[in-house]
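# Summary of structural features
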Amino acid sequence: MSELSEIEKIISSRLAELKKSVPVWASIVVTEDGLPIAYDLAEHTDLTTISAIISSVVSIAERGVQELVPDQPLNQVILKIGDDPTGQTIIMEKIWENVIIFVIFPTVSNLGLVLLELENAIRDIIEVIKSNVDVKLHPETVL
Amino acid sequence: MFGKKPYDYKIYVAGPFQAGKTTLIHKLDPKALSIEKPLRDGSGSTTTAFDLGHVFWVRPREESQGLVISEQEFEKEKDQYNGYIVSKVELKGGPGQIHFKAVREMVMKNSDGILFLVDSSDPMSIGQASALLEEAVLHLGKDIPIVVLANKQDLPDAMPVETVKTLLGDSEIITDIFPASALNNVGISDAISYLLMKIKKRKESLSGGN
């Protein structure tokens, strides 16, 4: 458990770092079955609920992709919410076996820059995950 | 046959993780859609969004409990059901893992009744089952028709129906509990047609008669 807490701490700190470099409001790393691994969220956010919903949205998108473009994996789900200048964009990306990253940022942000910093963060997070832990789905999910 | 006509009845198939909800829906509708992830230990899979299936409820007369059959069975034996009352039923299953509460709330919305599954061979899951049943009743109302299935009766260590009922506790909510094996398709069609009769009677009483 202490090893896992350490991993959670490392990934959460990487997510916090991401927020410093681009205007990402919140980010979560979750298992495919909707359990949080690490997060950088506002205090009032219901982590359990949002993690489960991320899992469901990505699962449904994957199923849709299977119907539309069989044999091609789903890489990313993008949601646009509201209108500029207050609109927000959500990116959900499957980054590793059973692991999804979620980020939300203002739509008016420089998308290219956000994607670049996100890819850097993902690379670092994958390194932490693959060298430290085998993320399994329920009932053996980590955390 | 299903075309664009709306469903006549919508049943929310509920129950804890690994109670057999997905198995049941696929037994009744082999073409059902399931959004799930395989468990990495190879022991099965877990629903991460929903299961969606549809069946036909065929009755020779209004007051008859009739049969619940798949679309394929109906199409194959269509002539046999000439003159029958045919209703379309949607079966919606939600994820059983407790943290999917928000997703379950979306799935159960607008349901006419609850088919609640309990794993009879797993007494440890009964506590979670009670919580999930309470959650569903809270959202759909205490008058929502419910049928409980004491599932996995095919397993040697399955508890008898009465024991499952006692462990579940609330006798006001759980009035109808049936033994079943979703895996072997035993008891499920009867339980669903029984539930559909309850739903139909409730709809009639709400609309003030017939």
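Structure shown above.
Summary of the structure given here. (Residues numbered from 1 in each chain as written. Chains lettered and ligands numbered in written order. Predicted model: local features only at pLDDT ≥ 70, side-chain atom pairs only at ≥ 80, totals over all residues. Heavy atoms only, no water.)

With that settled, consider the overall build of chain B. Each helix and strand in chain B was counted, giving six helices and eight strands. A globule of 210 residues ought to have a C-alpha radius of gyration of about 17 Å, and chain B, at 16 Å, matches this closely. Principal-axis analysis of the C-alpha atoms places the extent of chain B at approximately 45 × 40 × 35 Å. Taking all 210 residues of chain B together, the buried fraction comes to 52%. Here the analysis covers contacts within chain B between residues at least 6 apart in sequence; of these, 73% occur between residues at least 24 apart. (Helix = DSSP H or I, 4+ residues; strand = E, 2+ residues; numbered from the N terminus. Rg over C-alpha atoms; globule rule 2.2 N^0.38 Å. Buried < 20%, exposed > 50% of the residue type's maximum accessible area, 1.4 Å probe, protein only. Contact = heavy atoms within 4.5 Å.)

All names here are of chain B. Ranked by internal contacts, the top residues of the largest apolar core, which has 30 residues, are Tyr12, Ile114, Phe116, Val118, Val148, Val164 and Leu168. Every element with two or more residues in this core is listed here: β1 (9–14), β3 (45–59), α3 (101–108), β6 (113–119), α4 (126–140), β7 (146–151) and α5 (161–168). The dominant element in this core, judged by the number of residues it contributes, is α4, at seven residues. (Core = buried A, V, L, I, M, F, W, Y, C linked by side-chain atoms within 4.5 Å.)

A word on the packing of aromatic side chains. Residues and elements named next belong to chain B. Summed over the entire model, instances satisfying the criterion amount to five aromatic pairs over all chains. Seen from their ring centres, phenylalanine 56 and phenylalanine 74 are 4.3 Å apart, and the 25 degrees between their planes marks the pair as stacked. Of this pair, phenylalanine 56 sits in strand β3 while phenylalanine 74 sits in helix α2 (residues 71–76); the two residues are 18 residues apart in sequence, bridging distant segments of the chain. With a relative accessible area of 5%, phenylalanine 74 lands in the buried category. Between phenylalanine 74 and tyrosine 81, the ring centres sit 5.9 Å apart and the planes meet at 10 degrees, which makes this aromatic pair stacked. The exposure classification of phenylalanine 74 matches that of tyrosine 81, with both residues buried. Of note, arginine 59 hangs over the ring of tryptophan 57, and the distance from its end group to the ring centre comes to 4.0 Å. The ring of tyrosine 7 carries lysine 88 above its face, with NZ or CZ at 5.5 Å from the centroid. (Phe/Tyr/Trp six-rings, centres within 6.5 Å; stacked < 30°, edge-to-face > 60°. Lys NZ or Arg CZ within 6 Å of the ring centre and 35° of its normal.)

Let us now look at the sheet that holds strand β5 (residues 99–106) of chain A. Residue and element names in this part refer to chain A. Spatially, β2-β1-β5-β4-β3 is the arrangement adopted by the five strands of the open sheet, whose pairing is antiparallel. Where the open sheet ends on each side, the last strands, each with one partner, are β2 (36–40) and β3 (76–81). Within the sheet, the average angular offset between the axes of one strand and its neighbour, ignoring direction, is 15 degrees. For strand β4 (residues 88–96) and β5, the ladder comprises eight bridges, and the chain directions are antiparallel. (Pairing = 2+ DSSP bridges. Axes fitted to C-alpha atoms, helices over the stretch in contact; angles between N-to-C directions.)

Let's shift gears to the pattern of salt bridges. If you walk through the whole model with that rule in mind, you get 20 salt bridges over all chains. Across the pair Lys37(B) and Glu32(A) runs a salt bridge, and its minimum N-O distance is 3.2 Å. Within this pair, whereas Lys37(B) is found in strand β2 (residues 33–38), its partner Glu32(A) is found in the loop between β1 (26–31) and β2, the two belonging to separate chains. Note on Glu32(A): relative accessible area 4%, which makes it buried. A salt bridge links Lys78(B) to Glu75(B); the nearest nitrogen and oxygen atoms lie 3.4 Å apart. Residue Lys78(B) is classed as partly exposed on the basis of its relative accessible area, which comes to 37%. Overall, Glu75(B) belongs to the partly exposed group, its relative accessible area being 33%. (Salt bridge = Lys/Arg side-chain N within 4 Å of Asp/Glu carboxyl O.)

Scope: geometric values only; no functional claims are made or implied.
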